[in-house]
Amino acid sequence: MLPTVGDGPFPGVLLIPGSGAADMDEYLPPELAGVENGSRPFWQIADYLSERGFVVLRYDKRGVGENSTVIDANLLGNATVHKLQNDAAEALKVLLEQPEVDRNDVTLIGHSEGAVIVPRITSKQPQDIKNVVLMGASSQTLYDLVIEKTNRTILLARNYWDYDKDGRLSLEEVIIHPEGRLTVLNASSPSTDNLLRQQQWYPGIDTDNDNMIDIDNELIPFASTLLSQIESDPWYQSHKHIQPTIEIIENLGTQNILILQGEKDIQTNIEQALLLEQKLTELKHPDHTLITYPGLGHTFYPAEGPNELLGPIQDYVLTDLHAWLKDPYRDSCKLNC
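Below, the structure is looked at part by part. (Residues numbered from 1 in each chain as written. Predicted model: local features only at pLDDT ≥ 70, side-chain atom pairs only at ≥ 80, totals over all residues. Heavy atoms only, no water.)

With respect to the overall build of the protein chain
Reasoning step 1: Scanning the protein chain for helices and strands turns up 13 helices and twelve strands.
Reasoning step 2: Against the 2.2 N^0.38 benchmark of 20 Å for 337 residues, the protein chain shows a C-alpha radius of gyration of 21 Å, consistent with a compact globule.
Reasoning step 3: Taking all 337 residues of the protein chain together, the buried fraction comes to 50%.
Reasoning step 4: Summarising the internal contacts of the protein chain: among those between residues at least 6 apart in sequence, 68% fall at separations of at least 24.
Reasoning step 5: Carbon and sulfur atoms make up 51% of the accessible area of the protein chain, which amounts to about 15,800 Å² in all.
Reasoning step 6: Computed over 25 positive and 50 negative side-chain charges, the separation of the two mean positions in the protein chain equals 6 Å. (Helix = DSSP H or I, 4+ residues; strand = E, 2+ residues; numbered from the N terminus. Rg over C-alpha atoms; globule rule 2.2 N^0.38 Å. Buried < 20%, exposed > 50% of the residue type's maximum accessible area, 1.4 Å probe, protein only. Contact = heavy atoms within 4.5 Å. Areas by Shrake-Rupley, 256 points an atom, 1.4 Å probe, with all protein chains shown as cover. Lys, Arg positive; Asp, Glu negative; His and termini not counted. Charge placed at Lys NZ, Arg CZ, Asp CG, Glu CD.)

Remarks on the pairing of strand β5 (residues 101–111)
Looking along a regular strand, one sees the side chains alternate between the two faces of the sheet.
Reasoning step 1: Burial within β5 is extensive, with eight of its eleven residues counted as buried.
Reasoning step 2: Inspection of the sheet shows strand β1 (residues 10–16) paired to β5 by six bridges, in the parallel sense. What sits directly across from V13, in β5, is T107.
Reasoning step 3: In terms of strand pairing, β5 meets strand β6 (residues 131–135) through five bridges, oriented parallel. When the bridges of β6 are listed, G110 appears paired with L134.
Reasoning step 4: Remark: the β5/helix α5 (residues 113–124)/β6 crossover connection has right-handed handedness. (Pairing = 2+ DSSP bridges. Right-handed = clockwise from strand over helix to strand, strands pointing away.)

Here's the deal with the side chain of S39
Reasoning step 1: With respect to the secondary-structure elements, S39 resides in the loop between α1 (30–33) and α2 (41–50).
Reasoning step 2: We classify S39 as buried; its relative accessible area is 1%.
Reasoning step 3: Looking at S39, its side chain comes within polar contact range of the main-chain oxygen of L310, at 2.7 Å. (Polar contact = N/O pair within 3.5 Å; in protein donor to acceptor, adjacent residues only side chain to side chain.)

Notes on the packing of α2 against helix α12 (residues 315–325)
Axes are the key here: two packed helices are described by the angle between their axes and the distance separating the axes.
Reasoning step 1: Two numbers describe how α2 lies on α12: the axes approach to 11 Å, and their chain directions differ by 50°. On the basis of their axis angle, the class for α2 and α12 is oblique. When the axes of α2 and α12 are compared, the crossing they make is right-handed. Contact residues: α2 offers Q44, I45, Y48 and L49, while α12 offers L318, T319, L321, H322 and L325. (Axes fitted to C-alpha atoms, helices over the stretch in contact; angles between N-to-C directions. Parallel < 35°, antiparallel > 145°, perpendicular 65-115°, else oblique. Left-handed = near helix turned anticlockwise from the far one by under 90°.)

Here we look at unusual backbone geometry
Reasoning step 1: Between G8 and the following residue, P9, the backbone shows a cis peptide bond with an omega angle of 5°.
Reasoning step 2: Tracing the backbone shows P9 in the segment before β1.
Reasoning step 3: Of note, the phi angle at K284 is positive, near 55°, even though the residue is not glycine.
Reasoning step 4: The topology assignment puts K284 in the loop between α11 (270–282) and β12 (288–293).
Reasoning step 5: Judged by its relative accessible area of 71%, K284 is exposed.

Focus: the pattern of salt bridges
Reasoning step 1: One pass over the full model with this rule turns up eleven salt bridges.
Reasoning step 2: The partner of K279 in a salt bridge is E250, with the nearest N and O atoms 3.5 Å apart. With K279 in helix α11 and E250 in the loop between α10 (245–248) and β11 (256–262), this residue pair connects regions lying 29 residues apart in the sequence.
Reasoning step 3: Three or more residues joined by partner-sharing salt bridges are found here, namely D25, R40 and R58. (Salt bridge = Lys/Arg side-chain N within 4 Å of Asp/Glu carboxyl O.)

A short note on the side chain of E173
Reasoning step 1: Turning to its location among the elements, E173 is positioned in helix α7 (residues 171–174).
Reasoning step 2: In this structure, E173 is buried with no salt-bridge partner, the nearest side chain bearing the opposite charge being R168 at 8.1 Å.
Reasoning step 3: A polar contact is formed between the side chain of E173 and the backbone nitrogen of Y163, at a distance of 3.0 Å.
Reasoning step 4: From its side chain, E173 meets the backbone nitrogen of S170 in a polar contact 2.9 Å long.
Reasoning step 5: With residues near it in sequence (within four places) discarded, E173 still touches W161, D162, Y163, D164 and R168.

Points about the packing of aromatic side chains
Reasoning step 1: Within the structure shown, the criterion is met by four aromatic pairs.
Reasoning step 2: Relative to F222, the ring of Y202 has its centre 5.9 Å away and its plane inclined at 70°; by these criteria the two rings are edge-to-face. Highlighted residues: Y202 in the loop between β9 (199–201) and β10 (213–214) and F222 in helix α8 (residues 215–231), separated in sequence by 20 residues.
Reasoning step 3: Aromatic side chains Y293 and F300 sit 6.0 Å apart centroid to centroid with 90° between the ring planes, which places their arrangement in the edge-to-face category. Across the pair, F300 and Y293 agree in class, each one buried.
Reasoning step 4: Through successive ring pairs, a cluster of aromatic residues spans Y293, F300 and Y316.
Reasoning step 5: Here R52 stacks its cationic end above the ring of Y48, 3.5 Å away from the centre of that ring. (Phe/Tyr/Trp six-rings, centres within 6.5 Å; stacked < 30°, edge-to-face > 60°. Lys NZ or Arg CZ within 6 Å of the ring centre and 35° of its normal.)

Structural measurements only, silent on function.
Right, here's the structure in full:
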């Protein structure tokens, strides 16, 4: 997307999407977004910034087409983080070749898995990148994050969620704990005001269909099956063998870094962003900023109830992003401070 007014060259921005089937807009359907037309967070960013003088490039992930439709399951299913990083690097090459782009003012914006890829590209091509923006970032590898969350869910279920200590979980006991992600929205329920009736167990976890989850005989076997699937998945395995982002950012000495984090994000929780910010502080990185947003989830949409809806980015998040990118202090200080 190009600015419609002004004379170039303009600052350039590359958007690198998160995990799963993601088209260039990071389209999410209504049932996940919680809004009628679904959400398109990358389209929002591209539209907002291009209207304010930026050239913004975004792209469909390999094997994915419009509206995040999988058009080649084999291509997407074998897309390791290394292949996705190479794809993003090719997209960066395209951006840098555009005559409208100021090659001295290029920003990489990564969301979720994209925030894993952005620091790695930047560490390899530091001369090409001025700004780095990490949205919903993880300090760990995504593989370690999933393992930790799975083990933590079992621990919490046994020690905290099972209030009556009978070894079984009811919907009433777990729906107030969104980090567990043991329930999903009940699409067949006509109720819009009864939280309990809006929920049902995650498919495959309630094996005897008694509407209760036996921790030893249902939850733990379900978690074990999940972990065994992870061990055989090429994408997860590729994340298992890379350095965590908290180590990679040590290589970013000259780039300006912005971390944006929803405080209600249950996919990459706020502790992950705080660890990244702490590491940058320890390294005495000259220009890094962390902005956290109370009440917002992984796509910077209000997180309410036990399920994190992935709706549109709130306007004030886009305003903060633009204000940081256009901050005149950043350039003037490097020249004069």
